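# Notes for the structure review
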Amino acid sequence: MPFRSICLDYGVGLMTTEMISAKGLYYNNTATRELMALDPEETQTGIQLFGSDTNALSEAVKRYCNESAFAFIDLNMGCPVRKVVSNGDGSALLSDERKMAEVAKTVSEASTKPVSAKIRIGIDENSITTRQSVKILQECGIQAIAVHGRTRAQMYSGEANLNEIANAVSISIVPIIGNGDVHDAASYKRMKETDCDGVMIGRAAMGNPFIFREIRAELQSGMHHLTDNGEKLEVAKKHFVMLVQFKGEHLACAEFRKHLAWYTKGMPHSAKLRQEINRIESSENMLAFIDRYQKELTEIKGDCQ
């Protein structure tokens, strides 16, 4: 939630939560319910559910989602992580059309909100199922489909297949959202050449909420715009303070190490800094570390001028 709040400041459109287990909600798991926290300013955020147990999905939607402030429900049918797939969830549904239809129909019928789904283009290059998946999902009441242009086997390697996203667009009667390898205005434009209705950005936004503003600015002006390191570190501090308020000092320090590594990626001496980041265990030291690094960057900039 703290990170999504920051993304709002930089012009993101729709967002979804982290993946939330339908079974976790069904069994009233406290940690699972905590993932449903929303900033009051989040009026266009959806809750992203995963699961294949239709009873758990139906009950989770009715008990928790329908009366929530979420704008929509998003079904994750694309996660390739082994732990998720081994339970028949996420991208495992791509190889079971009957189950995919059952899950989509169950959630669509239980929900009082719009329902979207996220898929991959297939299990592997020998089993590309984009068209079949799109047809099934729209017939079962899904109102928008995000297509990640990779197979489950690819995980996050290789290049996203934009042709398959274009194929989805060509046969779909619901909006198609293109996903995969969008990290700047040029890649955004390439994705839009598929005629997709929207563009989803995932990994490229980690430590980089500025990407939404940068892409919009370049599309509007034609000028390449990059956020300076000073602003990145100020936002990193804001993010950390919000995370402490949200999760407490101990959890915030542990979780923010990866975020700070992302925020500082590509900055001078960032590889060495990551070793120091992993030893920080208090809010005071985390903020002092960022302040010290800001000062170091200012001195480096001064020496280069």
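Here the structure is a predicted model, which is why all the values come from computation and not from measurement.

Here we take up the overall build of the protein chain. Each helix and strand in the protein chain was counted, giving 14 helices and 7 strands. Relative to its length of 305 residues, the protein chain is compact, with a C-alpha radius of gyration of 20 Å against a globular reference of 19 Å. With the C-alpha coordinates aligned to their principal axes, the bounding extent of the protein chain is approximately 65 × 45 × 35 Å. When the 305 residues of the protein chain are sorted by exposure, 49% land in the buried category. Counting only contacts in the protein chain whose residues sit at least 6 apart along the sequence, the fraction spanning at least 24 positions is 69%.

Attention shifts here to the sheet that holds strand β7 (residues 198–200). Overall, parallel pairing links the 7 strands, which are arranged β1-β2-β3-β4-β5-β6-β7 in an open sheet. Only two strands of the sheet have a single partner each, and these edge strands are β1 (15–21) and β7. Each strand of the sheet is rotated relative to its neighbour by a mean of 30°, with strand direction disregarded. Sheet topology note: the strand β6 (residues 176–179)/β7 ladder contains 3 bridges and is parallel. Pairing of Asn179 across the sheet is with Met200, part of β7. Packing against the sheet, helix α1 (residues 2–9) makes contact with β1 and β2 (45–50), and its axis sits at approximately 165° to β1. Here helix α6 (residues 97–110) sits on the sheet in contact with β3 (72–77) and β4 (115–122), set at roughly 170° to β3.

Within β3, 6 of the 6 residues are buried, leaving the element largely enclosed by the surrounding structure. Residues Phe72, Asp74 and Asn76 of β3 are buried on one face, and the alternating residues Ile73, Leu75 and Met77, pointing to the opposite face, are buried as well. Pairing analysis gives 4 bridges linking β2 to β3, with the strands arranged parallel. The residue bridging Leu49 from the neighbouring strand is Leu75, located in β3. As a crossover connection, the stretch from β2 through helix α4 (residues 54–65) into β3 is right-handed.

Here the focus is the packing of aromatic side chains. The full count for this structure, using the stated rule, is 4 aromatic pairs. With centroids separated by 5.2 Å and ring planes inclined at 50°, the aromatic side chains of Phe240 and Phe256 adopt a geometry described as tilted. Here Phe240 is found in helix α11 (residues 229–247), whereas its partner Phe256 is found in helix α12 (residues 249–263), with 16 residues between them in sequence. For the residue pair Phe240 and Phe256, the accessibility class agrees, reading buried in each case. In textbook terms, an aromatic cluster arises when at least three aromatic residues are bridged by ring pairs, as seen for Phe240, Phe256 and Tyr263. A cation over an aromatic ring shows up here: Arg120 above the ring of Tyr156, its NZ or CZ 5.1 Å from the ring centre.

Time to look at the environment of Ala252. Position of Ala252 among the secondary structure elements: in helix α12. Considering only alpha carbons, one finds Ala252 and Pro40, 212 residues apart in sequence, at a separation of 21 Å. Leave out the neighbours within four places in its chain, and Ala252 touches Phe240, Leu243 and Val244.

It is worth spelling out the layout of surface pockets at this point. Empty space among the atoms becomes apparent when a probe as large as a water molecule is rolled across them. In this structure, the second largest pocket encloses a volume near 470 Å³. If you go around the second largest pocket, you meet 20 residues; those closest to its centre are His183, Ala204, Met206, Asn208 and Lys232. Among the elements of the structure, α10 (211–221) and α12 are those that each provide at least two residues to the lining of the second largest pocket. Element by element, the count of residues in the lining of the second largest pocket is highest for α10, at 4 residues. By residue class, the composition of the lining of the second largest pocket is 8 nonpolar, 6 polar and 6 charged.

An ideal rise of 1.5 Å per residue puts 27 Å on 19 residues; α11 measures up with 26 Å between its terminal C-alpha atoms. All of the buried residues in α11 are Lys232, Leu233, Val235, Ala236, Lys237, His239, Phe240, Met242 and Leu243. Where α11 begins, one side-chain oxygen reaches toward the backbone nitrogen of Gly230, 3.0 Å away; that side chain belongs to Asp228.

Rules of the game
Residues numbered from 1 in each chain as written. Predicted model: local features only at pLDDT ≥ 70, side-chain atom pairs only at ≥ 80, totals over all residues. Heavy atoms only, no water. Helix = DSSP H or I, 4+ residues; strand = E, 2+ residues; numbered from the N terminus. Rg over C-alpha atoms; globule rule 2.2 N^0.38 Å. Buried < 20%, exposed > 50% of the residue type's maximum accessible area, 1.4 Å probe, protein only. Contact = heavy atoms within 4.5 Å. Pairing = 2+ DSSP bridges. Axes fitted to C-alpha atoms, helices over the stretch in contact; angles between N-to-C directions. Right-handed = clockwise from strand over helix to strand, strands pointing away. Phe/Tyr/Trp six-rings, centres within 6.5 Å; stacked < 30°, edge-to-face > 60°. Lys NZ or Arg CZ within 6 Å of the ring centre and 35° of its normal. 1 Å grid on protein atoms, 1.4 Å probe; cavity = no way out; pocket = protein on both sides within 12 Å on 5 of 7 lines; lining within 4 Å. Points joined across faces, edges and corners; volume = space filled by probe spheres on them. Nonpolar A, V, L, I, M, F, W, Y, C, P; charged D, E, K, R; others polar. Expected span 1.5 Å × (residues − 1). Polar contact = N/O pair within 3.5 Å; in protein donor to acceptor, adjacent residues only side chain to side chain.

Note that every value here comes from positions in space, so none of it alone points to a role or purpose.
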